[in-house]
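Analysis of the macromolecular model
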Amino acid sequence: MLLRLPTSMSEAQECLAEGAVPIGGATLVWATWQRDGFPELAMSLRDLPAANAVGRGTLGAAVVLHRIDAEVPEVLRRAASTVGTGAVRRTATVGGNIVGSTLRCLLPAALVLDARATVLETDRVYETDLAEVVAKRHLLLGLRWREPVVSGYHKVPADAGGPPPFVVATAVHADGDGRRLLRVAARDGYEVLNESVPCGAGPEEALGTLDRTEFGALPAEAREVVHRQVTDVLARSAEG
């Protein structure tokens, strides 16, 4: 297998045009390659500056999870810290987790930030929503978002090798008129729910509205986790 490490957008696009298979840390595909054979040509974005940004409102797809620190919102930082083991987090990338994984632990966090995805194709670079990226398995360059007032994340403890643990992510956003919006996303099994509700009138009204969406059909134990996390993030929002 020949591994290319492009350092510019044009070089990365040339690699794609040549049929290079995008990889990050290869934590999700290595065993499959060992069993089925390695691709002739692969490409990593680890030397591409645009894919390695970590800062306020931006996160590159080639960033390994253990590099995600206090520069990004709490919800993303905590989501990254719960993925796999320390060894996995030192290798696994943002793009691999969101696009290449079936669990997509970072996806609920990115959804509540209302993140937009920057995508690389052979003939263009463009911005789109996360639903398109996941559905079409685009080559992700990075995420951009508007900073929330406050955010939170919780993954329910679960035994290794069992069903995917329930995950809930929350964030409160303010618009230009001072109104606030609560965004909530949850991973239930392999499905991801995502809703936005007004939260200016307090947690009871926000939770009532949320329960009239798909979140209301969650099992009682999962709804309790969602209610607890929403109450917490709204309380912290009120303090700020």
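The paragraphs below set out a description of the structure included in this document. (Residues numbered from 1 in each chain as written. Predicted model: local features only at pLDDT ≥ 70, side-chain atom pairs only at ≥ 80, totals over all residues. Heavy atoms only, no water.)

Attention shifts here to the overall build of the protein chain. From N to C terminus, the protein chain includes 9 helices and 12 strands. In terms of overall dimensions, the protein chain is globule-like: its C-alpha atoms have a radius of gyration of 19 Å, near the 18 Å expected for 240 residues. Along the first, second and third principal axes, the C-alpha set of the protein chain runs to 55 × 40 × 30 Å. Relative to its 240 residues, the protein chain shows a buried fraction of 46%. (Helix = DSSP H or I, 4+ residues; strand = E, 2+ residues; numbered from the N terminus. Rg over C-alpha atoms; globule rule 2.2 N^0.38 Å. Buried < 20%, exposed > 50% of the residue type's maximum accessible area, 1.4 Å probe, protein only.)

Glancing now at the side chain of Arg187. Within the secondary structure, Arg187 sits in strand S11 (residues 180-188). For Arg187, the residues in contact, after removing those within four places along its chain, are Leu103, Arg104, Cys105, Pro108, Lys155, Pro164, Pro165, Phe166, Val167 and Val192. (Contact = heavy atoms within 4.5 Å.)

For the structure on display, the rule yields 10 salt bridges. Between Arg236 and Glu74 there is a salt bridge, with the nearest N and O atoms lying 3.2 Å from each other. Taken as a pair, Arg236 in helix H9 (residues 220-239) and Glu74 in helix H3 (residues 74-81) lie far apart in primary sequence, 162 residues in all. With its nearest N and O atoms 3.6 Å apart, the salt bridge here joins Arg228 to Glu224. Remark: Glu224 and Arg228 occur in helix H9; sequence separation between them is 4 residues, near one turn of the helix. A cluster of three or more residues bridged by salt bridges with shared partners is formed by Glu74, Arg78, Asp232 and Arg236. (Salt bridge = Lys/Arg side-chain N within 4 Å of Asp/Glu carboxyl O.)

Turning our attention to the environment of Leu41. For Leu41, the position within the fold is in strand S3 (residues 41-44). Along the chain, Leu41 and Pro6 lie 35 residues apart, while their C-alpha atoms are 13 Å from each other. If we ignore the near neighbours within four places in the chain, the residues touching Leu41 are Leu2, Arg4, Cys15, Glu18, Gly19, Ala20 and Val21.

Okay, the pairing of S3 next. Covered by surrounding structure in S3 are Leu41 and Met43 together with Ala42 and Ser44, the residues of both alternating faces. As judged from the 3 bridges shared by strand S1 (residues 2-4) and S3, these two strands associate in the parallel manner. The residue of S3 that forms the bridge with Arg4 is Met43. As paired elements, strand S2 (residues 21-23) and S3 share 3 bridges and run parallel to each other. (Pairing = 2+ DSSP bridges.)

At a closest axis distance of 10 Å, the pairing of helix H8 (residues 203-211) and H9 adopts a crossing angle of 145°. For H8 against H9, the interelement crossing comes out right-handed. Each of Pro203, Ala206, Leu207, Leu210 and Asp211 in H8 lies in contact with H9, whose residues at this interface are Arg223, Val226, His227, Val230, Thr231 and Leu234. A per-class count over the contact of H8 with H9 returns 7 nonpolar, 2 polar and 2 charged. (Axes fitted to C-alpha atoms, helices over the stretch in contact; angles between N-to-C directions. Left-handed = near helix turned anticlockwise from the far one by under 90°. Nonpolar A, V, L, I, M, F, W, Y, C, P; charged D, E, K, R; others polar.)

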